[in-house]
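# Commentary on secondary and tertiary structure
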Amino acid sequence: MLSKRSLVGVRLNFHTLAVLFFLLIGTQAFAADPSVDNSDEAVAAGKALFNTNCKTCHRLDQKLVGPALRGATDRAPVELVKSFIKNSQAVIASGNAYYSDLYKEYNNTMMISHEFLSDEDLNNLLAYIEYGDTADPAAATATGDAEGGAVAAGGGIPNEYLTIILGVLVVVLLLILIVLGLIISVLTKYLAKQDLDEDDKEFVSQKTNLGKVFKSDMFVVIVTALVVALVAKTALDGLYSVGVQQGYAPEQPIAYSHALHAGTLEIECQYCHTGVELGKSANIPSANICMNCHTHVQNVQGAEGVSPEIQKIYDAVDNNQPIEWVRVHNLPDLAYFNHSQHVVVGEVECQTCHGPIQEMEVVGQHSALTMGWCIDCHRQTEITTEGNAYYDKLVQIHSDSKDALKVKDIGGLECAKCHY
Amino acid sequence: MKENKKTYWKGLEQLNNDPEFVKNADREFPELPSTLNEEGSASRRDFLKVMGFSLAAASLAACEAPVRKMIPYVNKPVDINPSVPNYYASTYATGGDYASIVVKTREGRPIKIDGNELSPINKGKVNAIVEGSILSLYDKERIAGPYSGGQLSDWKTVDAQAKSALASAGAVKIVANTIISPSTLKAIQQFADANGNVEVIMYDPLSNYGITKAAETYYGSAVLPSYSFDKAKTIVSFGADFLGSWISPIEFARQYAQTRKISKEKPEMSRHYQFESTLSLAGANADYRTPIRASQSGLAVLALYNAIAKKAGAATVSAPAVEIAHLEKAAADLWASKSASLVVSGSNDPNVQVVINAINELLGSNGTTVDFANVAHYRKGDDAKMNQFVTDLNAGRVGGVIFYNCNPVYDFARGAEIAAGIAKAKVSISTNGTLDETSSLVQIVAPDHHFLESWNDFEPKKGHFSLAQPTISPLFDTRQAQESFLVWAGDTTSYYDFLQANWQGGLFTQVETSGTFQEFWDQTLYNGVLAINSTSEALAPVGDVSAAASAVSKAYSADNASAELVIYTKVGIGNGAYANVPWLQELSDPISKATWDNYLTVTQKWASENGVTQSEEHTSKASITVNGKSLIVPILIQPGQAEGTFGLAVGYGRTKAGRVANGVGVNAYELLDASKGFVNFDITSGVEVSATGDSYKIARTQTHQTFMGRENVIQESVLSEYQKDASAGRSHPQIYKDGEFVKPSKISLWSGHQYSQHHWGLAIDMNSCIGCSACSVACQVENNVAVVGKQEVLNRREMAWIRIDRYYSSDAPADDLSAMEVASSNPEVTFQPMMCQQCNNAPCETVCPVAATTHSSEGLNQMTYNRCIGTRYCANNCPYKVRRFNWFKYHDNKDFAGVNVAQNDDLGKMVLNPDVTVRARGVMEKCSMCVQRIQAGKLEAKREKRKVKDGDINVACAVACPTDALVFGDLNDSNSKVSQLLKIEENTTSALKEVNEERAYHVLEEINVSPNVWYFTKIRNKDLNEA
């Protein structure tokens, strides 16, 4: 992909040495039109606009559905770039050679118009495009990962450590037993050589009657108790795990990769899961959402031909036959869960519950989805009250308390918040 | 202050202290029914079976959970988001019964009907039938496509057949109930024009032909007037149940309630007289109610006319003398509130209605409370034409007949004759959606869409228009009837285009709008309603009262010795069109409290004379013969009924409605008399009733869930007392503690809850509650409440979360038996909606061993089904008896498939509210105060980063209530309507709010469970000495 980008660059910047251009890539040294604002505010504002409007098809330094954008103002006059963003078809229709070629190069893929963007918006957008962050996307992923890990570890000492500690304890106890046995045998041998009276002799030389021990009431009671405890523990553990499908990662009808879409391509979760801010269901995307991109993207990583997996989307659309995805997260019907409550109001990251989804080739259930898991989070999570008038009164009443206002403080542990 | 010394009773069993009543009254749950007892003793085999099941269940549970699929759209419609409800304005219209509605859909399925607040007619209100009608969309009985010759066919075949048959049929009659849709009429007209020789005959099962006929005689125009009960200070009704079933009960109930609400600012209310033969809903709400015989009713109207005429100085008419209590007083009040008076009559006799018109004319009501200029279109039925049609049909003079969404074989007086005559027509077609009594007899059935799948327009009143839009794609291969008419007329336009063209050419030209037609159409569709300003000249009388008066005085008599039958309508079943909706069947009638039956209502006197006894559900049967037609019906002793009168409700006795309604009750339409040119609901001669002695059980809920004789559940007074002291009728129980008497709320074991954000509460005005039970059905739809069927109601296991307790009362001292006997023949009636009171000191919470019922930080008493183990301690400890136990698995259970259709078949389940759990067997349930709505409303506010506004959240019962008797809101918000009603000024977070409204009280205040539901005393507009 790099080479392709550079070719575009070479063709358009005749006076720039190709070698120099290669060297400058990735070091934020794109030549930009000097009229483009490079202030931090403009770049920040532009980033927001970019993320909502452009990111689905464009990256700054990477070709996606559309071309990489950095250097756009150098490749065409600023005003023309603006009018192209606003209404690309008009510019192409006007016969501009550069844009017509670009249009052809991208298989006559039409860019939707953005008439609603003001001139200031466009300036900010261009500021971001030219001077925006070049940070390594991997770093962002790593941060998200760390956060996810921290939440997972919140439950106490991890299980595997407990097992190791227990194992060590058992070994130590066994060693102590062996040593004690040795000491007894040594002492017995020693005493046997001593001159003792009859009673003592009898005591020392008496053989431990194992059979008697096994038949003793005490032994039977202890063993029974142990067995019962073990069985009970196994049964309880078994019962607790009934219906818990943590790690469940079924095979899906299409080998869709979140790692590719959400990870590599950084497509916002909300782009496909449209319901996540609206209601209870996050929504599995309908085929027409897939087709927004896959009308043009027909194979992975620019490979030739149509990918057999992507072909399944085309088949679904052509035959008007919906894709039957396998449900991964099966919350019991008796529990009411609303995505918008958590994502919009609680501002919870998707990864908090769904884990590092951007790394999953096949989606699996990351969290236990048990009531204890829900409640734990409600106990610990502070509420984002700032700027939300709904919480004003609660914040005021809670202001005497030293602790932060948490979900549990406003009824987040009550039954009828989730069960009705 | 005068303590209320009245005696209250729910049923005669309680009044008579019947042993069975006493036995059951102090039990939350009755003994197990005997049938179950016999099977109940588990044998060793059963034990093994159960153990085997447990093993299987345990091993099953250990398996992997089943693979569940998620199937998204291929092409998601932009407006539909799974789990987010959409609302569409539409219209409910069945015949002339009308309501502008808003349909809630989830994932494209309509799941709830509410009223449309923009409608000036029903203003956001509905009744039980409109609420319940949604289930008829998912009725298994609906046919899958067009039928021809009793076989499922296809539209092409049927159309070809119909077209050729109609062309050669000769005279074609289209039989319909009232059509209030202008475009439908136009489509039918187009068919008539294309076919020649077509006549449209409208009839109404609940005919009001008398009114339109009288208007023709008296005003020269056969129209139905608009009534404005809200403008009336004195209302006199002769047998018109305008709150339950008469013409447009939702509209009238709403208007009526406005005149009945009182407050310190408006310490006045209307006075309502009712003269009727059977106890109706309107009669139950009347201030003065006089039982009169149907044979006297005409004379009573004449007597009132004469009394008013005397005061007005107009000529009186000669009429036989008749002694009617309170009639003179009514006349005096009517005259005193001249031009704000309203007299209505339920009689279908045109002559009586002429006299009613004359009375209203004398009172100056024409143009104020009765409006003959701005006419209503709810009833256009013409009994005379329909009679002629039946005669013609049987004489072979009808070539073709098309039944347009009507079922006259069942619901017309001469239905049997129609059934016999259909075969004589060359071609018979029906557009009904099911193979009902009529459409099962015709050659071709061209099923219409359900009203929730249809496009249509309506003009319920002059100048008032509304649109209906589909809220779901047609479930079956049906077609709009209007489109069928167009197709048979050779027009291939879709009805949607036809409708739009009709509006573009018609109404659009009459409104002042600068926009395009599309804008106008979209806006109207969004609003659901459109009002056109139209001024009309008031009609002046052209006829004369004397001819009618003399006819009336001949037809009625003051002392009819023979038995009389009054055929009435129940508020739940109505005319029987929605009889197959089990919610309506199980709705306990607000008057008789009976479910799943119709019955012959008799007086206590007749019962004692004929040795008929009734106790709880046990009753016996009677045989009633009317002019040769006999029916065997169960007997129900009904207080408040005129001596010598029997009552029987229509809407039952369906034979081809479907599995729910078939065989429930008897068909009273058969007994109607059409011999006088109009359909007569009052049969005053040729009625013979005899008790057969066969025993029978009627599933009545009236003595279920009683308060065990505790006092002051109902607190009431009269208007004059209220004006002197706003707390009149209130009881103030006091508890002795440490040497003094204190308010019960001062003594508590509990420290009291704190509600920092919300404190949900409900205020119920017993003055506005008319007992219509719309709340009950609304709750059932909203909360997926199971229907249990007749047998389980008999076992006292009905599930309704909100019930209407109906109390009879009398001033007569309870120990004075003869006085009580008189009182019980015409008692006062009080309705009290009763649901979980969401107590702050909830007795149920403290006894639950597993903490399945707990208190929320918002004042709600929460019920957690998945934690409940079914000990039923909570229900036993509930003083209000509002907890319901799931004795069976009512869903997916073939034993309940015939009654609980909303939870048993795939089609019926589409109506379930996905936000509310369908409860399993063995758990307790109760009113949750629509916690799902509270949560949804809060979430919306949080998402929009704002506070919850009053009115954002409302409970299903309060939304449905046509009289706004129930007001729900946040007691912590001093600006909320409920806080203002209760006069809660200070903004405290304490659970115990200082309520300054003197009328507000807690039921059973003395036990200090501190409910969050307040009741307002009932105030009757009666003179003190009669109260």
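Small disclaimer: the values here were computed from a predicted structure and weren't measured.

### Some thoughts on the overall build of chain A
Assigned secondary structure in chain A consists of 21 helices and one strand. Looking at chain A as a whole, 21% of its 420 residues qualify as buried. The long-range fraction of contacts in chain A, counting pairs at least 24 apart against all pairs at least 6 apart in sequence, stands at 67%.

### What about the overall build of chain B?
Scanning chain B from terminus to terminus reveals 33 helices and 43 strands. With respect to the principal axes defined by its C-alpha atoms, chain B has extents near 90 × 80 × 70 Å. Classification of the 1027 residues of chain B by burial places 58% in the buried group. Once local pairs closer than 6 in sequence are excluded, the contacts in chain B between residues at least 24 apart make up 73%.

### Considerations on the domain arrangement of chain B
Residues and elements named next belong to chain B. The domain architecture assigned to chain B consists of domain 1 (7–26 + 705–1024), domain 2 (147–206 + 381–527), domain 3 (209–376) and domain 4 (561–700). Put simply, the middle of domain 2 and the middle of domain 3, counted by C-alpha atoms, are 35 Å apart. In this complex, domain 2 contributes eight residues to the contact, which on the side of domain 3 involves six residues. Classifying every residue of the side of domain 2 that touches domain 3 by side-chain character gives two nonpolar, two polar and four charged.

### Quick word on the interface of chain B and chain A
Tallying the contact residues gives 42 residues for chain B and 48 residues for chain A. When residues of the side of chain B that touches chain A are traced back to their parent elements, those giving at least two are α4 (44–62), β2 (69–70) and α31 (931–943) of chain B. Counting residues per element, the side of chain B that touches chain A draws most heavily on α31(B), at six residues. Its residues assigned to classes, the side of chain B that touches chain A comprises 17 nonpolar, 15 polar and ten charged. In this sheet, β2(B) lies alongside strand β1 (residues 325–326) of chain A in antiparallel orientation, the contact comprising two bridges.

### A few points about the nonpolar core
Counting 301 residues, the largest nonpolar core has Leu304(B), Val355(B), Ile764(B) and Cys957(B) as the members making the most contacts within it. Ranked by residues supplied to this core, first place goes to helix α12 (residues 294–312) of chain B with ten residues. When residues no more than four places from it in sequence are discounted, the contact partners of Ile764(B) are Cys769(B), Pro833(B), Ala965(B), Leu966(B), Val1013(B), Trp1014(B), Tyr1015(B) and Phe1016(B). Residues Val36(A), Ala76(A), Tyr99(A) and Ala127(A) belong to the second largest nonpolar core, which totals 22 residues.

### A closer look at the sheet that holds strand β13 (residues 288–291) of chain B
Residue and element names in this part refer to chain B. Strands sit in the order β13-β12-β11-β14 across an open sheet of four strands; the sheet is parallel. Where the open sheet ends on each side, the last strands, each with one partner, are β13 and β14 (341–345). Direction aside, neighbouring strands of the sheet carry axes that sit 10° apart on average. Here strand β12 (residues 271–276) runs beside β13; their pairing, made up of four bridges, is parallel. Bridged to Gln274 within β13 is Arg289.

### With respect to the confidence of the model for chain A
All names here are of chain A. Summing up the model confidence of chain A, the mean pLDDT is 80 and the portion of residues at 70 or higher is 85%. Low pLDDT, under 50, characterises residues 1–29; the predicted model gives this stretch 20 contacts beyond four residues in sequence or across chains. Here residues 136–155 is modelled with pLDDT under 50, and outside its nearest four sequence neighbours on either side it reaches twelve contacts, counting other chains as well.

### Some points on the sheet that holds strand β1 (residues 7–9) of chain B
All names here are of chain B. Strand order in the open sheet formed by three strands is β1-β34-β35, and the pairing between neighbours is antiparallel. The outermost strands of the open sheet, each flanked by one partner alone, are β1 and β35 (828–834). Sheet twist, expressed as the average angle between the axes of neighbouring strands with direction ignored, equals 35°. Sheet topology note: the strand β34 (residues 803–810)/β35 ladder contains seven bridges and is antiparallel. Note that in β35 the partner of Arg803 across the bridge is Met834.

### A short note on the packing of α12(B) against helix α14 (residues 350–362) of chain B
All names here are of chain B. Packing of α12 against α14 brings their axes to within 10 Å, and their N-to-C directions diverge by 25°. As far as their axial angle goes, α14 and α12 are roughly parallel. For α12 against α14, the interelement crossing comes out left-handed. Across from Gly298, Val301, Leu302, Leu304, Tyr305, Ile308, Ala309 and Ala312 in α12, the residues of α14 making contact are Val352, Val355, Ile356, Ala358, Ile359 and Leu362. Among the residues making up the contact of α12 with α14, the classes are represented as 13 nonpolar, one polar and no charged.

### Notes on the environment of Thr434(B)
Residues and elements named next belong to chain B. If you trace the backbone, Thr434 turns up in the loop between β17 (427–430) and β18 (444–445). Counting along the chain gives 214 residues from Thr434 to Gly220, while the straight-line C-alpha distance between them is 40 Å. Sequence-distant contacts of Thr434, defined by excluding residues within four places in its chain, comprise Glu141, Arg142, Ile143, Ser439 and Gly658.

### Examining the confidence of the model for chain B
Note that predicted coordinates carrying low pLDDT should not be read in detail. Residue and element names in this part refer to chain B. Overall, the predicted model of chain B reaches an average pLDDT of 88, with 92% of residues at or above 70. Of the regions scoring below 50 in pLDDT, residues 34–40 engages in two contacts with residues more than four places distant in sequence or in other chains. Overall fold confidence (pTM) sits at 0.83, and the ipTM for the predicted complex is 0.84.

### Let's talk about the pairing of strand β4 (residues 97–106) of chain B
All names here are of chain B. Most of β4 is tucked away: eight of the ten residues are buried. When strand β3 (residues 86–94) meets β4, the two strands line up antiparallel, connected through nine bridges. Bridge assignment links Ala89 to a residue of β4, and that residue is Val102. Taken together, the six bridges between β4 and strand β5 (residues 109–115) define a ladder with antiparallel strand orientation. Each bridged residue has a counterpart across the sheet, and for Lys104 the counterpart in β5 is Lys112. Between β4 and β5, which pair antiparallel in sequence order, lie two residues; one of them, Glu107, sits at a positive phi of approximately 50°.

### Comments concerning the packing of helix α8 (residues 182–195) of chain B against helix α18 (residues 481–488) of chain B
Helices that pack against each other are described as a pair by the angle of their axes relative to one another and the distance between those axes. Residue and element names in this part refer to chain B. The N-to-C vectors of α8 and α18 enclose an angle of 25°; their axes lie 8 Å apart at closest approach. Judged on the interaxial angle alone, α18 and α8 are roughly parallel. Crossing hand, α8 versus α18: left-handed. In this structure, α8 uses Ser183, Thr184, Ala187, Ile188, Gln190 and Phe191 to contact α18, whose residues at the interface are Gln482, Phe485, Leu486 and Trp488. Looking at the contact of α8 with α18 residue by residue, the classes come out as six nonpolar, four polar and no charged.

### Here's the deal with helix α13 (residues 217–240) of chain A
Helical periodicity: at 3.6 residues per turn, an α-helix aligns residues three or four positions apart in one direction. When the terminal C-alpha atoms of α13(A) are compared, their 34 Å separation across 24 residues agrees well with the 34 Å that a helix rising 1.5 Å per residue should span. For α13(A), the tally of buried residues reaches only zero of 24 residues, placing the bulk of the element at the surface.

### Looking at the environment of Asn388(A)
Looking at the element boundaries, Asn388(A) is found in the loop between α20 (371–380) and α21 (392–398). Sequence separation of Asn388(A) and Val345(A) is 43 residues, and the distance between their C-alpha atoms is 8.7 Å.

### A few points about unusual backbone geometry
With a phi close to 75°, Asn283(A) is a non-glycine residue in the positive phi region. Inspection of the secondary structure puts Asn283(A) in the loop between α15 (269–272) and α16 (287–294). A residue is classified by how many C-beta atoms lie within 10 Å of it, and Asn283(A), with 24 of them, is buried. Positive phi outside glycine occurs at Cys930(B), with the angle close to 45°. Looking at the element boundaries, Cys930(B) is found in the loop between β39 (924–925) and α31.

### Let's talk about the environment of Tyr256(B)
Residue and element names in this part refer to chain B. As for its position among the elements, Tyr256 is in helix α10 (residues 249–260). For Tyr256, a count of 26 C-beta atoms within 10 Å corresponds to the buried category. Residues Tyr256 and Ile235 lie 21 residues apart in sequence; the distance between their C-alpha atoms is 9.3 Å. Those residues in contact with Tyr256, other than ones at most four positions away along the chain, are Phe229 and Leu243.

Each value, and the rule that gives it
- Residues numbered from 1 in each chain as written.
- Chains lettered and ligands numbered in written order.
- Predicted model: local features only at pLDDT ≥ 70, side-chain atom pairs only at ≥ 80, totals over all residues.
- Helix = DSSP H or I, 4+ residues; strand = E, 2+ residues; numbered from the N terminus.
- Buried ≥ 20, exposed ≤ 12 C-beta atoms within 10 Å, placed from the backbone.
- Contact = placed C-beta atoms within 7 Å.
- Domains from an automatic or database assignment.
- Nonpolar A, V, L, I, M, F, W, Y, C, P; charged D, E, K, R; others polar.
- Pairing = 2+ DSSP bridges.
- Core = buried A, V, L, I, M, F, W, Y, C linked by C-beta atoms within 7 Å.
- Axes fitted to C-alpha atoms, helices over the stretch in contact; angles between N-to-C directions.
- pLDDT = per-residue confidence, 0-100.
- Parallel < 35°, antiparallel > 145°, perpendicular 65-115°, else oblique.
- Left-handed = near helix turned anticlockwise from the far one by under 90°.
- Expected span 1.5 Å × (residues − 1).

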